[in-house]
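# Overview (structure and organization)
Residue-level listing of the chains:
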Amino acid sequence: MEKVKTILIWLLFVVAILATVVAFAYINISVIPEMQFAKYQAELSKTATTDTTSVNKDAEIKSLTKKLDQLAKRAQRLTPGNAFLIINTTNNTFELYKNNQIIRQGRCSTGSFIHLEVDSTKSFTFETPKGVMTVQNKVTNPVWTKPDWAFIEEGLPVPSPGHSSRREANVLGDYALKLGDGYMIHGTLYQRLIGSPVTHGCVRMLDDDLEEVYKTLPIGSKVFIY
Amino acid sequence: MKEILKKYKFGFIAFFTILVILIAGTVFRYLKSMDAVHTAANEKLLSIPEAEINDAGWNIPEIQEKKKEVHWLERHLTLAKSDSLNLGINLTDSIVQVQLKGTVLFQAKIQKQDPVHFFDELNYGTYLDFTKIAKITEEQASIEKRPLKRIQAPKNEEEAAKIKHDSIPDPLLIWKFKLDNQIEVVITGIGLNKDSVVDLRYKENMLRYNAEKIKQKLISENYIPTLYIWLNDKDAKAIYRAIPERGKVVFRN
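Described in the following lines is the structure provided in the data block. (Residues numbered from 1 in each chain as written. Chains lettered and ligands numbered in written order. Predicted model: local features only at pLDDT ≥ 70, side-chain atom pairs only at ≥ 80, totals over all residues.)

What follows deals with the overall build of chain B. Along chain B, the regular secondary structure elements total eight helices and 11 strands. The C-alpha atoms of chain B give 24 Å as radius of gyration, which overshoots the globular expectation for 253 residues (18 Å, by more than 25%). Each principal axis of the C-alpha distribution contributes one length, and for chain B these read about 85 × 65 × 35 Å. A buried classification covers 29% of the 253 residues belonging to chain B. (Helix = DSSP H or I, 4+ residues; strand = E, 2+ residues; numbered from the N terminus. Rg over C-alpha atoms; globule rule 2.2 N^0.38 Å. Buried ≥ 20, exposed ≤ 12 C-beta atoms within 10 Å, placed from the backbone.)

Take a look at the structure:
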């Protein structure tokens, strides 16, 4: 019995020491950083003047309100007017805006981020560029002119430019909106892959979504990609 | 009593020695930490014109509110001149947004923030400094900004057919960045647990982040205030991948 009591008391010492260490670790890890921030914020909020009698409150508010109105008008002018498209390349989604209202949103597919290495001097990165692009041209029943990578990734020999094997109809859907540098918004035969990052840099959409985007965005519309 | 003290002398000595060491260490750390805060605050205040620090109108709530709105719009318009995607952290409305050319492309609701009141009480001068357009100077993240998958071009059709495009899901995002106005931001993605319920591990994350800092330097002579933000992981990743390296950030509070 005495032996058990001794063991229990020693155990109590161990527990007390561990509890003390944990308590001090918590103070160091959690409490001190909080106190640091509180002190920092307090020091940065200090000011020599608290007297506001010298301030012409009404005049200052009037002047600030006027300035705010002007700034708000300028900010308003920055938003693209009629219609624009926003594409999220991480989540592979899109939002179509008209008159500053979302009129359609859904899934799309963007670049796969595959870096295809041909040899030490040649490689292709299938990435959808981020930034703002413009709809430069719109076509119906687009025909795909296959670039070199389309053959390389299939393990096929690359034909000469303009060769008939480069032209392939009925693979880009019913519509295409050209964004420049070979990038397009178009349809696909592989509808089940929409929502995944599987393209070579273009933006693929489901047929119905593509039709609405095509009909809503005139040439010159902005396409924001992030 | 005397007997107990005698019998467990070593136990008492060990306990009190450890207690004294911990108290001494913590007091020393506390004093050094507060010194670092004081130095950092002084340096900041010295870099700001006194007239701005002591702007009297700032003490009137209606004027303060209007001025904050004016500055937010001014920064927004300045950023709109740039061709780069930039980040807006609006603590007033608990929103993080990606902007380009004056258009808000994406916004995510802040699910949790620590400190809860991050710089909501500043004098006018330090407020201007806090909300100026800042540039990311250092950053690190748990995922790649550009998740490139390297593939060797196949030599023939047979080889091409063998290429698999499996992708491993990314871990939850932890994105830490420092700004040139001496503020650090840590954005953490919130995932779903095995029952598909939102799994916010705020306390666990905070303990880990603070412990990491102590591990890096037990007693730091520099102090940088850190804002911790928790966002839905999908939103957090979209924002992280949208903002270019050395991107620009603007706060509103």
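That shown, we press on.
Attention now goes to the overall build of chain A. Helix and strand content of chain A: four helices and 13 strands. Its C-alpha atoms give chain A a radius of gyration of 31 Å, clearly above 17 Å, the size a compact globule of 226 residues would have. Among the 226 residues that make up chain A, the fraction classed as buried is 29%. Within chain A, counting contacts between residues at least 6 apart in sequence, those at least 24 apart form 59% of the total. (Contact = placed C-beta atoms within 7 Å.)

A word on the interface of chain A and chain B. The extent of an interface is frequently quoted as the accessible surface area lost upon association of the parts. Across the boundary between the two partners, chain A contributes 66 residues, which contact 73 residues of chain B. Of all elements in the fold, only α1 (2-45), α2 (57-78), β1 (83-88), β4 (114-117) and β6 (131-134) of chain A reach the threshold of two or more residues within the side of chain A that touches chain B. Ranked by residue count, the leading element in the side of chain A that touches chain B is α1 of chain A, at 22 residues. For the side of chain A that touches chain B, the residue count by class is 34 nonpolar, 20 polar and 12 charged. Sheet analysis places β4 of chain A next to strand β6 (residues 149-152) of chain B, joined by four bridges and oriented parallel. Bridging across to β6 of chain B, Glu 117 of chain A finds its partner in Gln 152 of chain B. (Nonpolar A, V, L, I, M, F, W, Y, C, P; charged D, E, K, R; others polar. Pairing = 2+ DSSP bridges.)

A word on the sheet that holds β4 of chain A. Pairing is mixed across the open sheet formed by three strands, whose spatial order is β5(A)-β4(A)-β6(B). Whereas interior strands pair on both sides, the edge strands pair on one side only; in this sheet they are β5 (123-125) of chain A together with β6 of chain B. Adjacent strand axes in the sheet meet at a mean angle of 20 degrees, parallel and antiparallel pairs treated alike. Two strands pair when backbone bridges link them, and β4 of chain A and β5 of chain A are joined in this way by three bridges, in the antiparallel orientation. By the bridge assignment for β5 of chain A, Leu 116 of chain A is matched with Phe 124 of chain A. (Axes fitted to C-alpha atoms, helices over the stretch in contact; angles between N-to-C directions.)

Before going further, it helps to examine the sheet that holds strand β13 (residues 222-225) of chain A. All names here are of chain A. With mixed pairing, the nine strands of this open sheet are ordered in space as β6-β13-β1-β2-β3-β12-β11-β10-β7. Two strands bound the open sheet, and with one partner strand each, they are β6 and β7 (137-140). Looking at each pair of strands side by side, their axes are set apart by 25 degrees on average, direction ignored. Strand direction decides the pairing type here: β6 and β13, joined by four bridges, are antiparallel.

Turning to the environment of Lys 44 of chain B, a few remarks are in order. With respect to the helices, strands and loops of the structure, Lys 44 of chain B is situated in helix α2 (residues 9-46). Residues Lys 44 of chain B and Asp 129 of chain B, 85 residues apart in the sequence, show an inter-C-alpha distance of 8.8 Å. Apart from residues no more than four positions distant in its own chain, Lys 44 of chain B is found in contact with Leu 44 of chain A together with Thr 126, Asp 129 and Gln 182 of chain B.

Contact pair α1 of chain A / helix α7 (residues 202-216) of chain B: the axes reach a minimum separation of 9 Å and the direction vectors enclose 95 degrees. Compared by their axis directions, α1 of chain A and α7 of chain B come out roughly perpendicular. Every residue of α7 of chain B that contacts α1 of chain A at Asn 28, Ile 29, Ser 30 and Pro 33 of chain A is listed here: Leu 207, Asn 210, Ala 211 and Ile 214 of chain B. Its residues assigned to classes, the contact of α1 of chain A with α7 of chain B comprises five nonpolar, three polar and no charged. (Parallel < 35°, antiparallel > 145°, perpendicular 65-115°, else oblique.)

All names here are of chain A. Note that strand β2 (residues 93-98) and strand β3 (residues 101-109) share six bridges and pair antiparallel. The residue of β3 that forms the bridge with Phe 94 is Gly 106. Sheet topology note: the β3/strand β12 (residues 203-205) ladder contains two bridges and is antiparallel. Bridge pairing in β12 places Cys 108 opposite Met 205.

On to the packing of α1 of chain A against α2 of chain B. Running from N to C, α1 of chain A and α2 of chain B point in directions that differ by 10 degrees, and their axes come no closer than 9 Å. With respect to α2 of chain B, the axis of α1 of chain A lies roughly parallel. Here the residues of the contact of α1 of chain A with α2 of chain B sort into 20 nonpolar, six polar and four charged.

All right, on to the nonpolar core then. Counting residues in each nonpolar core, the largest one holds 77 residues, and the members touching the most others are Leu 85, Leu 177, Val 213, Val 223 and Tyr 226 of chain A together with Val 98 and Ile 239 of chain B. With near-sequence residues (within four places) excluded, Tyr 226 of chain A lies in contact with Asn 88, Thr 89 and Lys 130 of chain A together with Leu 85, Val 98, Leu 100, Leu 105, Phe 106 and Ala 242 of chain B. By size, the runner-up hydrophobic cluster in this structure holds five residues, among which are Ile 114, Leu 116, Phe 126 and Trp 149 of chain A. (Core = buried A, V, L, I, M, F, W, Y, C linked by C-beta atoms within 7 Å.)

Residues and elements named next belong to chain A. Relative to the helices and strands, Tyr 175 resides in strand β10 (residues 175-180). Residue class for Tyr 175 comes out buried when judged on the 21 C-beta atoms lying within 10 Å of it. Between the C-alpha atom of Tyr 175 and that of Lys 138, which follows or precedes it by 37 residues, the distance is 7.4 Å.

Take unusual backbone geometry next. Residues and elements named next belong to chain B. A cis amide bond links Asp 114 to the next residue, Pro 115, at an omega of -5 degrees. A positive phi angle is found at Lys 101, which is not glycine, with a value near 50 degrees. Here Lys 101 is to be found in the loop between β2 (95-100) and β3 (103-109). Residue Lys 101 is classed as buried on the basis of its C-beta count, with 20 C-beta atoms lying within 10 Å. Positive phi outside glycine occurs at Arg 246, with the angle close to 55 degrees. Relative to the assigned elements, Arg 246 resides in the loop between α8 (233-242) and β11 (248-252). A residue is classified by how many C-beta atoms lie within 10 Å of it, and Arg 246, with 13 of them, is partly exposed.

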